[in-house]
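For reference, the chains in residue letters:
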Amino acid sequence: MVAGMMNERLKALTTSFAQQMGREFHYCIKNMDQEWNTAYNFSNDPTFLTNCMKKTDGDLPQRVCTAAEMKFYFESFLEGNGRKNYVKPNKNCNLTSWIDGCEPGWSCSAGKDQDVNLKDAVNIPSRTLDCQGCCAGFFCPHGLTCMIPCPLGAYCPESTLNKTTGVCDPYHYQPPAGKPNHTCGGADRWADVVSTDDVFCPPGYYCPSTIQKFDCSSGFYCRKGSTTETKCFHKGSCPPNSANQDITIFGALLVGALSLVLLIIYNFSGQLLINREKKQAKSREAAARHARETAAARERWKTAKDVAKKHAAGLQSSLSRTFSRKKTLRTQPDDGPSNESGGKKESLTDMVRSLDDNPEKGEGFHVQIGEKKKPRGKHAHTQSQIFKYAYGQIEKEKAMENETKNLTFSGVISMATEDDLMKRPTIEIAFKDLTLTLKGSKKKLLRSVTGKLMAGRVAAVMGPSGAGKTTFLSAIAGKATGCQTTGMILINGKMEPIRAYKKIIGFVPQDDVVHGNLTVQENLWFSARCRLSADMSKADKVLVVERVIESLGLQAVRDSLVGTVEQRGISGGQRKRVNVGLEMVMEPSVLILDEPTSGLDSASSLLLLRALRREALEGVNISMVVHQPSYTLYRMFDDLILLAKGGMTVYHGPVKKVEEYFSGLGIVVPDRVNPPDYYIDILEGIVKPNAKEPVNVKDLPIRWMLHNGYEVPRDMLQSSSDSESSFRGGGSHASGDDTGPSIAGEVWGNVKDIVGQKKDEYDYNKTSENLSNRRTPGILRQYKYYLGRCGKQRLREARIQGVDYLILGLAGICLGTLAKVSDETFGALGYTYTVIAVSLLCKIGALRSFSLEKIHYWRERASGMSSLAYFLSKDTIDHFNTIVKPIVYLSMFYFFNNPRSSIWENYVVLLALVYCVTGMGYTFAIFFQPGSAQLWSALLPVVLTLIATQQKDTIVANLCYTKWALEAFVIANAQKYSGVWLITRCGSLVKSGYDINDKILCIVVLVANGMIFRCVAFFCMVIFQKH
C-alpha cells in the first residue's frame, strides 16, 4: 500500500516534470504523456520502491528529487552535451558546502520537519541530513543530494567496490579519498549511450524493472535497453543471450519470392504477347490465303466467261455467213445487262460491271461471285473479319491495277470497294522568292527560290553538298527553325501557314528513326493508330498498314524486331523502308523525304520508289532529296529541282525537259553519263561544262531566273559580275573594313540563332490552327496507345531490368553488412549510404526512359502526337520500378542490417525517395546529353548528402532532397527507442537538426520534389529540341 502511494507520488512528479520538459523537448518527443508513461510507469512492478522504503525507514519521499531538481539536472546535462558527470553548483552542493550526499551514487534527506513539494519546479529544498548510498532503482547525480528514478529499460542495482581497480562496479566512479566510511552507493547518472551506458540494460538481457536483469531465453533476442524478450522469427537463429536475430534467410526468401513473382509476370506477359502474335499471324495467313483463293476463283470465272463469249461470237458469225452471205456482218454487243441498268445512275463501279459483257473495250473488269456483298470495314469487328476485309481489298486492288493500267490507283480502289473513295485532300505548294536567312549571323541559306510542288507528282531535289537541299524541304514543311523567311508560300493558292496542315504532312528524316525494340508491324501500327483519323474504323486502319507493308516488300520481316546497336534485327535497307512506312501509313497529302535511298542497293531503291509512285497516284505531293540516283530511278521522277551552292535554283521543272534546257545553254551530257551526276559535278566544280561558249557556273541560277522571267536580286547580279575580281583579291576592296565581324559579334549572332531556333521549334510544335480536316485521337486515347507500346518495350528489356535489380540487391547486401545499425546514431550512417546508393542507381535507371528516345520523341511530336501522353505513359510504366526497386533493396539491406524500425516504415520512405530521384533522372536525361546526364546522376547525390549533413539548419540544406530522406529514415528508427533511450534520442536529433514530428513532412517534401522535377522534365522536353 505504501509502495502504491509512493508510485502515485512519483507519477505525479514525473507528469508535472514532463509538462515542463515537453515544451523544451518537442523536437524529440512526439507524445509526451505516452513517452513519459513508457519511461516511468512502475505500476507493474513497484518492488524497488518497497525495498527503498525499507532501506530508508520510510524516508523515501524526503530523498526523491523535486521537479526543480530534475529540471536543474537535465539542463546542466544538456548544457554540457552529456559529457560532464556533474552538475553546476547549487544550494546543497557548492564551494562552501560539499557533503557526502554530493558525491556520485549518494543522497541525503530533507528531514521530516521540512515539507517537500515534489511538483515544485522553482525552488530546490535543502537536503543535508542522513546521507547514504542511493537506493537500487534510482540514480544520484554527482553534485545533487537527491534521488531520481531510473527509467524503464535501465538496470540500476547498488554498486560494489572493486578492490583491484577501486571503482564501484558496475558503474565507473570511485569513493572519495580520505573517507573510509563512505561506501559505494547506487547509480550516479543517466545520460545518452555515448556518454555512458552504465544504467542501460545490457544486450542479451532484459530488465522488466530497474532492479531486475534476466538472461534472454533461447528463441528470443534482447537488444540493449530491453524490458521484455522479443521472439525470433526462427527459433534456431537465436541462441540464449542473443542481442539480435539473424534474419538474412528471410531476406533471401523474400528475394526468391520476388524473383518468382517477376518471372511469372514476365513469362505470363511474354507468353500472352507471343500467343497474341501467333493468333494474329494465323488469322492473317488464313485471310491472305482466302483472299488469294477468291482472286483465283474470280480469274477462272472471268476466263471461262471470256471463252464462252468468244465461242458464242464465233458461232454467231458462222451462222451469219451461212444464211446471209449478202448481208454485211455486224457484230453488236450484248446489251442485256446494260439495258437492265439503263434507268439507273451509273457509277464507276456500275460502268466496270458492264464491261464484263464487252471485254473488247479493254477498260477493265469486275467479276462478282454471288449476290452477297462483302462486309465493309466499319462492319468488321472480329480479328478474322478485319484481316479478311483487308486482304480481300488488297487482292482486288492488285487485280484491278494489273488489268486497268489506264486508271488511277484511286479509281482502282474505288472499284474494289464498290463505293466512291474518300480521296485525300490534295495540297499544291507554290513559293515565290523564298529566302531563308539566319536570324543572328544573317547568313543566307536559300536565295530567291521560286517554283511549285504539285499534287500527284514525285519531285527530286538534287545538288552538291551545301546547296541547301534539306533546308529547302524543311522550309516547305514549315520546319525551318532559327531563320527569317521572306517571300511567299501559297497552299492551294492561299496564304495559309503550312503548320496548320502538319497532321497530313509526312516528313521522313535522313536517319532511320525507328524503335528498335518493336517489330516492323508494331512500329507501323502505332503510327497509324495515333496519326490516322479517329473516325476511321480499325479495319480500315489495318488495311492501310497492310497495304504499306505489301507495297514496301516487308511481308517477310513484319514480325521481326527492327533491332538496335546491341541487338541484331532487320537489314539496313528494310530499316530504311520502315522509316518511310511510318509516314506512309498516316496517308499524308504531302510527303517529304530526306535522302530515303541513301545506303540502299538499286533493287531496294527501285522498290521504294515504286511504292512512292503508287502514293503519287493517290494525289500525294511527294518531294525527296536524292544523291546519285541511277538512270532508271532518275527517269521515274516527274520533276527535278536542281540547287547550286548557296541555295539558288539552277533548274525546276519536268525531268523530261532538263536536258533540253541545259542543251540550250550549251551544256550537253556526254554519252554513257548519268545526267544528274554530270550536272552535280558541274555545280560542284569537279567537271567543266563542255560547251561551245564559256559558261560560268555561278551564272546558272541567274540564267534560270532570266529564262523564266523572274526578277533577279541586285546582290546576285553584283556578286556575279564581281566574281572574278573577288577571287583575285587585292584592289580597292582590300581594306581594313573587310576583316569581318568581331568575335563578340559572331558569338552574339550564334546565340541569337540558337534562341530563334528554339522559339521557332516551340511555335511549330505548339497547338495551332488545324486546316487539315483530320481529327486524330485525343490525349487519353494516345496515352492508351503509348502505354501499350511502353509496356512491350519494357518486357523486351527485362534483362536490363533484371541487372538493375541485381545491382540494387548487391548494394543492399554490402551496405547492410558493412554499415550496421548504431544505437548511438539510430543507423544514420547506413541510411546515409542508402540514400546515396539508391539515388545513384535509380537515377541511372531512369535515364534510359528518355535519353535513348529523344530523336523518336522529336519526330513523333513534330507529326502532331501528344507530348503529354508520351510523358505520362513513360512515367506510368516506370511506376512499376518505383514500387519494386525499394522491395529489392530492402529485402537485402533490412534483413542484413535489422534496424528497429519496421520494414513498412523503411519501404514508405524509400518509395518516396525513389519517386523523387526518378523525376530528377528524367530531368537530366532530357536536358543533358547521355554522358553528362550520367555524370550528374553520380555526383549530385554525393554532393547533396555532404551539404545536408554538414550544413545543418540552413536554407541550402533544406533544398537538398537527401536531407529529407535521411531525416525520415532516422526519425522512423528513432521512434522505436524509448524509455532509457529518451536522452539519447533527444541528443542525437538535436545534434542532427531533425524534428521527430516532421516524418510526414519529409515524405511530402520528397513526393513534392518528384512532382516538381517531373514538371521541369516535361517543360524541358517541350521547350528544348535538337539543334
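Residues numbered from 1 in each chain as written. Predicted model: local features only at pLDDT ≥ 70, side-chain atom pairs only at ≥ 80, totals over all residues. Heavy atoms only, no water.

Looking only at helices and strands, the protein chain features 33 helices and 19 strands. Within the protein chain, buried positions represent 50% of all 1027 residues. When contacts within the protein chain are restricted to residue pairs at least 6 apart in sequence, those whose partners lie at least 24 apart make up 73%. Split by element, the accessible area of the protein chain, about 49500 Å² in all, is 56% carbon and sulfur. (Helix = DSSP H or I, 4+ residues; strand = E, 2+ residues; numbered from the N terminus. Buried < 20%, exposed > 50% of the residue type's maximum accessible area, 1.4 Å probe, protein only. Contact = heavy atoms within 4.5 Å. Areas by Shrake-Rupley, 256 points an atom, 1.4 Å probe, with all protein chains shown as cover.)

In this section: the UniProt feature "transmembrane region" (unreviewed entry) in the protein chain. Under the UniProt annotation, the feature "transmembrane region" (unreviewed entry) is placed at residues 247-269, 802-819, 831-851, 907-927 and 1000-1024. Measuring from the first to the last C-alpha atom of residues 802-819 gives 25 Å, for a span that is 94% helix and 0% strand. (UniProt positions renumbered as here; feature names shortened; annotations may be inferred.)

Our focus in this paragraph is the state of the cysteines. Scanning all chains against the criterion turns up 10 disulfides. Residue pairing for Cys 232: its cysteine sulfur links by disulfide to Cys 238, the two sulfurs lying 1.7 Å apart. Because the torsion about its S-S bond is -105 degrees, the bridge between Cys 232 and Cys 238 counts as left-handed. By relative accessible area, Cys 232 is classed as buried at 6%. (Disulfide = S-S within 2.5 Å.)

Let us look at a nonpolar patch on the surface. A cluster of nonpolar side chains, contributed by Leu 260, Ile 264, Phe 268 and Leu 272, occupies part of the molecular surface with about 440 Å² of accessible area. Tracing the chain through its elements places Phe 268 in helix 6 (residues 248-323). By relative accessible area, which is 56% here, Phe 268 ends up exposed. (Patch = residues over 30% accessible without salt bridge, like charges linked within 9 Å, V, L, I, M, F, W, Y side chains within 5 Å. Salt bridge = Lys/Arg side-chain N within 4 Å of Asp/Glu carboxyl O.)

Quick look at the side chain of Thr 945 now. Mapped onto the secondary structure, Thr 945 falls in helix 29 (residues 930-950). When sequence neighbours within four positions are dropped, the list of residues in contact with Thr 945 reads Thr 832, Val 835, Ile 836 and Thr 962.

So, about the side chain of Glu 860. Position of Glu 860 relative to the elements: it lies in helix 26 (residues 854-862). Apart from the residues lying within four places of it in its own chain, the contact partners of Glu 860 are His 515, Phe 526, Tyr 786, Arg 789, Met 865 and Tyr 870.

Before going further, it helps to spend a moment on unusual backbone geometry. Leaving glycine aside, a negative phi is the common case for residues, and trans is the common case for peptide bonds. Each neighbour pair has its own omega, and for Asp 169 with Pro 170 the value is 5 degrees, a cis peptide bond. Relative to the elements of secondary structure, Pro 170 occurs in the loop between strand 6 (167-169) and strand 7 (205-206). The residue Asp 130 is not glycine, and still its phi comes out positive at about 45 degrees. A positive phi angle is found at Arg 672, which is not glycine, with a value near 60 degrees. Turning to its location among the elements, Arg 672 is positioned in the loop between helix 17 (658-664) and helix 18 (675-684).

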